[in-house]
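Coordinate analysis (summary)
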Amino acid sequence: MSDPRALATAAGLQLEWHDAAGRRQTVSDEALRAILDRLGHPSASATQIAESLAAIAVRTARAPRFLSVDVGDPIQLATPLSGEAELTLENGTRTSVAIDRGLLKPIEHTGYHRLEIGDDVIDLLVAPRRCYTIADAVPGRKIWAPAVQVPSLRSETAKVFGDFGTLAETARAFGERGADALAISPTHALFPADASRYSPYAPSSRQFLNGLYADASAFAGTSNDPAPDLIDWQSAIPAKLARLRKTFDQDSQQLGKTLDAYRHVGGDDLERHAEFDALHAHFLATSGARGWQQWPAAYHDPASPAVRRFVTEHADDVTYYVFLQWLARRDLDAAQKAAKDAGMAVGLIADLAVGMDPGGSHGWSRRSDLLTGLSIGAPPDPLGPDGQSWGITGFDPHALCETGFAPFIATIRAALAHAGGIRIDHAFGLRRLWIVPEGASAAEGAYLDMPFDDMMRIIAMESQRAKAIVIGEDLGTVPDGFREAMDACHMLGMRVLWFERDADGFVPLAKWSPDAVAMTGTHDLATIAGWWSGRDIDWTWDLGRKSDAIDEPADRAARADDRAALWSAFDTGAKQPSLNDTDPVVDAAIAHVASTPCALAIIPIEDLAGVIEQPNLPGTIDEHPNWRRRLPDMTEALLQRPAVAARIDTLNAARPA
């Protein structure tokens, strides 16, 4: 059997990778063959390898469908031809341009243009050199923001989980107290009929919204639902859907023209998404099918007669799901407006999940956009010794190039449509994705190269157009040159308190990068109070999870050393607090992060409130109440607590408006 490695290289797979300790690892031939097969490059024999290599060579020889360049730079084509070409700027202006041995002079107009060379047509992006920045939004200032999980929010109106109405109240409250931004959990569309699918990082589509976050109270009046400390999604989701359906049934007639106009703007993509939700609800109820792959084959194609017949027969259900999207969009727009009206310079910072559930709306309606039979994940590292396979898929790099990056552009625009900023989850995925064959061990994966330069230019283009800042989640094993590329594009990295260490301990404030976001933590990490008290260690050993320590006493002894080092780094001059005296530590940690040179400081609301438990514990399913915890009080009441108000005063003093 022939060596598949040359084919793997041609297909964009990396044959080797470096683990978190810097050790070089080699991908096995068996893993490469499994991945190549799912990428559409059979490699089981010498003949198959030769045919696959030939197919890639033919594809590579074609003129590219998409080309990107930084504004002001000359444009190098793939072939060294000379002559005239027709350039159509995005604004419709047409002009002839000269090509000299494959080179065009710089184009000074940024935008998505069209270049016609004979019979070949190239989508040409001339991109700004950098993203919109905090310095653009608030020159000469450092700003701060809380981070919130939307469902965790409480308000005066009792709701079983927070929604966009609650978010608007929270944005207004923080804006009035000096915050310039509000980072939120992903708001992507999930699977509304399936109450077990509530993780915000496994969406059905990233181009549409979670309709369950729509605020029905403006239509249906005040809810009398209880507000438990832990969200019971199995009962909460059906209850919310029933209320929203009642609202739709009561008001759909008077909203007819509004919904018609919204559908016209949303076009085919909106219709396919609403049709998917209606079909998903139908087949989940009748057969338990969780994704389109389990539907009868006649329904796998959105254009099939069976689907068109279903849409006609269930037109009211489809319109209901259109209504959910319209209502959610209206309410999220209102939350951003509330943030800006309250004085925030940036407003909401949206969170873009790294991928999608392959059985969801995007996978059904635009499956050619996505990797098939492959799961995105992460290679083995200290946080996940066995590697991670997240059960989600992402964009196929070849499909992106063939479609002029249309789905990626649409995804970025959807995230920025209601926000003044975006956080890109697992931003390393812009450079490379760790992909694993479905059903295989996460360690049997490999890195797949992504069209990094093109994607970064698109992000800069959309950032400048939306006047929105960009944050890239760059935690973990950093690819060579990645942070340098982020800095050049003015994409902010993330610097989290717990990870800002060197051989001498926690790094001094002066060493924190100004071109990054300073953070006390994230939704996946222990809160300040939880870390200090060792609550995360409790979870580790109670659940029998792996730890670097040989036993629990060693783990707790190491934490005691870390506590002493952290308190020393805070340099408060006060005696180190005891294990359970967490409030002074929370105060000092927030003051420390606020004083960094970073342009933006983000403090999770759990840390502002001094909460012990964290929202999510990675690597668990139902052993830990992930995405279920409610905050201890409504936002306004929390912010009036003396300890919380004092922490906000600290932030405002370090980062004055």
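Residues numbered from 1 in each chain as written. Predicted model: local features only at pLDDT ≥ 70, side-chain atom pairs only at ≥ 80, totals over all residues. Heavy atoms only, no water.

From N to C terminus, the chain includes 22 helices and 25 strands. Taking 26 Å as the expected radius of gyration for a compact globule of 657 residues, we find that the chain reaches 26 Å, a close match to that expectation. Partitioning the contacts of the chain with sequence separation of at least 6, the portion at a separation of at least 24 is 71%. Of the accessible surface of the chain, which amounts to about 27000 Å², a share of 51% is contributed by carbon and sulfur atoms. The average position of the 62 basic charges and that of the 89 acidic charges among the side chains of the chain differ by 3 Å. (Helix = DSSP H or I, 4+ residues; strand = E, 2+ residues; numbered from the N terminus. Rg over C-alpha atoms; globule rule 2.2 N^0.38 Å. Contact = heavy atoms within 4.5 Å. Areas by Shrake-Rupley, 256 points an atom, 1.4 Å probe, with all protein chains shown as cover. Lys, Arg positive; Asp, Glu negative; His and termini not counted. Charge placed at Lys NZ, Arg CZ, Asp CG, Glu CD.)

So, about the sheet that holds strand β25 (residues 600–604). With parallel pairing, the eight strands of this open sheet are ordered in space as β20-β17-β14-β11-β10-β25-β24-β21. Two strands in the sheet have a free side with no partner beyond their single neighbour: β20 (469–472) and β21 (493–496). Between one strand axis and the next, the sheet turns by 25 degrees as a mean value, whatever way the strands run. Both strand β24 (residues 516–519) and β25 contribute to a ladder of three bridges, which runs parallel. Paired with M519 across the bridge in β25 is I602. (Pairing = 2+ DSSP bridges. Axes fitted to C-alpha atoms, helices over the stretch in contact; angles between N-to-C directions.)

What follows concerns the side chain of S43. Along the chain, S43 turns up in the loop between α2 (29–38) and α3 (46–61). Setting aside its immediate chain neighbours within four residues, S43 contacts P4, L7, R33, L36, Q48 and I49.

The subject of this paragraph is helix α14 (residues 452–466). Relative to the 21 Å expected for 15 residues at 1.5 Å per residue, α14 spans 21 Å between its end C-alpha atoms, a close match to the ideal helical length. The buried fraction of α14 is high, at 11 of 15 residues. By the burial criterion, the buried members of α14 are F452, D454, M455, M456, R457, I458, I459, A460, M461, E462 and S463. Positioned one or two residues after α14, K467 has a phi angle of 50 degrees, which is positive. (Expected span 1.5 Å × (residues − 1). Buried < 20%, exposed > 50% of the residue type's maximum accessible area, 1.4 Å probe, protein only.)

Within the element layout of this structure, K142 appears in the loop between α4 (134–137) and β10 (143–148). The exposure class assigned to K142 is partly exposed, which follows from its relative accessible area of 26%. With 104 residues separating them in the primary sequence, K142 and R38 have C-alpha atoms 47 Å apart. Ignoring anything within four residues of it in the chain, the contact list for K142 reads A594, S595, T596, P597, C598, A599, A654, R655 and P656.

On to the pattern of salt bridges, then. All chains considered together, the criterion is met by 49 salt bridges. R535 serves as the salt-bridge partner of D538, at 3.6 Å between the closest nitrogen and oxygen. Taken as a pair, D538 and R535 lie in helix α17 (residues 535–542) at a separation of three residues, close to a single helical turn. The exposure class of D538 is partly exposed, given its relative accessible area of 22%. Here D583 makes a salt bridge to R647, at a shortest N to O gap of 3.4 Å. (Salt bridge = Lys/Arg side-chain N within 4 Å of Asp/Glu carboxyl O.)

Quick look at the side chain of D331 now. Along the chain, D331 turns up in helix α10 (residues 315–341). On the basis of relative accessibility, which here comes to 8%, the residue D331 falls in the buried class. Within the structure, D331 has its side chain in polar contact with the backbone nitrogen of D215 (distance 2.7 Å). Setting aside its immediate chain neighbours within four residues, D331 contacts F164, A214 and D215. (Polar contact = N/O pair within 3.5 Å; in protein donor to acceptor, adjacent residues only side chain to side chain.)

The next thing to look at is the nonpolar core. Counting 121 residues, the largest nonpolar core has L167, F174, W295, F323, L600 and I602 as the members making the most contacts within it. The greatest single-element share of this core, amounting to 13 residues, is contributed by α10. With residues up to four places along the chain from it excluded, the contact list for F174 reads W144, P146, A179, M344, I605, L608, T635, L639 and I648. Counting 60 residues, the second-largest nonpolar core is a separate cluster that includes A11, V27, A127 and F405. (Core = buried A, V, L, I, M, F, W, Y, C linked by side-chain atoms within 4.5 Å.)

Attention now moves to the packing of aromatic side chains. In the structure shown here, the tally under the stated rule is 24 aromatic pairs. Centroid distance W531 to W532: 6.5 Å. Interplanar angle 45 degrees. Geometry classified as tilted. Given a relative accessible area of 0%, W532 falls into the buried group. Among the aromatic side chains, those forming a connected cluster through ring pairs are F191, F276, F283, W295, Y299 and W364. Above the ring of F452, the side-chain terminus of R431 is found at 4.3 Å from the ring centroid. R563 extends its terminal NZ or CZ atom over the ring of W532, reaching a point 5.9 Å from the ring centre. (Phe/Tyr/Trp six-rings, centres within 6.5 Å; stacked < 30°, edge-to-face > 60°. Lys NZ or Arg CZ within 6 Å of the ring centre and 35° of its normal.)

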